[in-house]
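Analysis of the macromolecular model
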Amino acid sequence: MSGDDDVIRVEGLTHRFGDLLAVDSVSFAVRAGEVFSFLGPNGAGKSTVINVLTTLLPLQDGEVVIAGRDLRSNPDRVREAIGIVFQETTLDRDMTVAETLEFHGRLYGLSREERRARVDELVTLVELGAKRNILIKHLSGGMKRRLEIARGLMTRPTVLFLDEPTIGLDPQTRARTWDYLKAVNREGTTIFLTTHYMDEADQLSDRIAIIDHGRIVAEGRPDALKNALGRDLVYLETGENGRARAVLDRAPDVGSVREKGEGLLATVTDDGTRVLPRILDALHAEGVPVTAINMKKPSMDDVFIHHTGRALRDEGAGKPAPPPGRAGRR
Ligand code: ADP
Ligand code: MG
């Protein structure tokens with residue numbers, strides 16, 4: 001499973017906060033040049049993993065090798081090989097864009113020439129060239145995120161770590177941030193990111209690990225994860241779910257069946273366009289009235305539900321939803 005071109009190799013990583021087992025024997029490998037995502041709900045253990053890998057938390061248990069450097073014996077060498085973008089913004093509001101990058105380069109011992117060249121390159125990459133002498137406090141949320149990405153890249157890291165890179169950004173800004181991350185990845189930087197956004201993991205990643213309660217419950221390429229659920233999903237409303245379910249359970253070409261909202265969601269193991277008429281015939285023969293029907297390809301949401309038994313957006317069900325505009329951090 002792991003090979004010589006692995007940039008990150010993690011075996012049996014476990015982390016406790018007192019009695020709380022936040023990360024439970026997690027193993028995975030990230031190959032050179034990949035975008036690899038940890039996808040999971042709040043509290044799954046994503047930040048804990050990324051904080052251990054980036055040396056912000058001590059390595060309690062397990063083996064971690066990053067860019068060929070052993071984390072336990074050589075945390076300083078690991079630090080030299082990585083860039084980090086944190087979940088919360090850590091920019092100094094009273095510095096300019098260029099000063100922020102310049103300062104970071106100096107902190108990491110880059111020469112004056114290197115710093116100048118790298119600042120020029122990076123403000124171009126994240127399209128902040130026109131803002132280079134603007135104070136951070138006058139930047140939009142999306143610009144700040146781009147600047148943090150640029151800062152993470154100042155030292156030409158082998159791997160860039162990002163914890164929830166687009167949390168709290170509006171959809172348009174999120175999509176642009178993805179474009180910058182793709183550009184960074186095309187430059188050759190391996191990317192490890194955490195997210196609780198299905199679309200982010202789906203669109204950005206070469207591979208995804210789904211993490212829930214501190215454990216990896218599924219891992220693979222986005223398409224492979226989706227295809228593994230069966231070819232298509234059929235959603236049915238009948239008003240008689242019990243009887244409909246019995247028919248579906250007996251039908252050939254039907255995989256798993258579960259309740260979703262008012263109706264039933266079934267995976268089919270053959271082409272849905274051909275299975276659907278057979279399902280309808282079988283329901284009709286049993287006298288089960290079908291009031292609504294829909295067919296779709298599995299989405300990353302379906303993958304998540306399949307492996308965790310619940311929808312990510314159902315998180316905190318039973319509690320009132322947060323008022324609009326307060327759901328994410330600004
Ligand atoms: P995520 O980033 O996926 O939301 P975290 O890694 O932040 O999850 O948290 C995993 C679990 O560990 C949660 O139950 C969280 O409350 C707990 N936790 C995280 N940091 C600390 C800490 N410093 N002290 C105690 N518990 C913590
Ligand atoms: Mg987190």
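See the structure printed just above.
A brief look at the structure comes next. (Residues numbered from 1 in each chain as written. Chains lettered and ligands numbered in written order. Predicted model: local features only at pLDDT ≥ 70, side-chain atom pairs only at ≥ 80, totals over all residues. Heavy atoms only, no water.)

**Here we look at the coordination of the magnesium ion (ligand 2)**
Binding of the magnesium ion (ligand 2) to the protein goes through Ser47 (OG) and Gln87 (OE1), at separations of 2.1 to 2.6 Å. Of this pair, serine 47 sits in helix α1 (residues 46–53) while glutamine 87 sits in the loop between β6 (82–85) and α3 (97–107), and the two are 40 residues apart along the sequence. (Donors = N, O, S within 2.8 Å, 3.2 Å for Na, K, Ca; no water. Helix = DSSP H or I, 4+ residues; strand = E, 2+ residues; numbered from the N terminus.)

**Focus: the pattern of salt bridges**
All chains considered together, the criterion is met by 26 salt bridges. Glutamate 34 is the partner of arginine 207 in a salt bridge, and the nearest nitrogen-oxygen pair spans 2.7 Å. Here arginine 207 is found in strand β9 (residues 207–212), whereas its partner glutamate 34 is found in the loop between β2 (20–31) and β3 (35–39), with 173 residues between them in sequence. Taking relative accessible area as the criterion, arginine 207 reaches 6% and is therefore assigned buried. When its relative accessible area of 5% is taken as the criterion, glutamate 34 is described as buried. Counted as one network, the salt bridges with shared partners bring together Arg31, Glu34, Arg207 and Glu219. (Salt bridge = Lys/Arg side-chain N within 4 Å of Asp/Glu carboxyl O. Buried < 20%, exposed > 50% of the residue type's maximum accessible area, 1.4 Å probe, protein only.)

**Some remarks on the sheet that holds strand β10 (residues 215–220)**
Across the sheet, 6 strands lie side by side as β6-β7-β8-β3-β9-β10; this open sheet has mixed pairing. What marks the edges here is a single partner per strand, and that holds for β6 and β10. For this sheet, the mean angle separating the axes of adjacent strands, direction not counted, is 15°. Bridge count between β6 and strand β7 (residues 159–163): 4 bridges; the pairing is parallel. (Pairing = 2+ DSSP bridges. Axes fitted to C-alpha atoms, helices over the stretch in contact; angles between N-to-C directions.)

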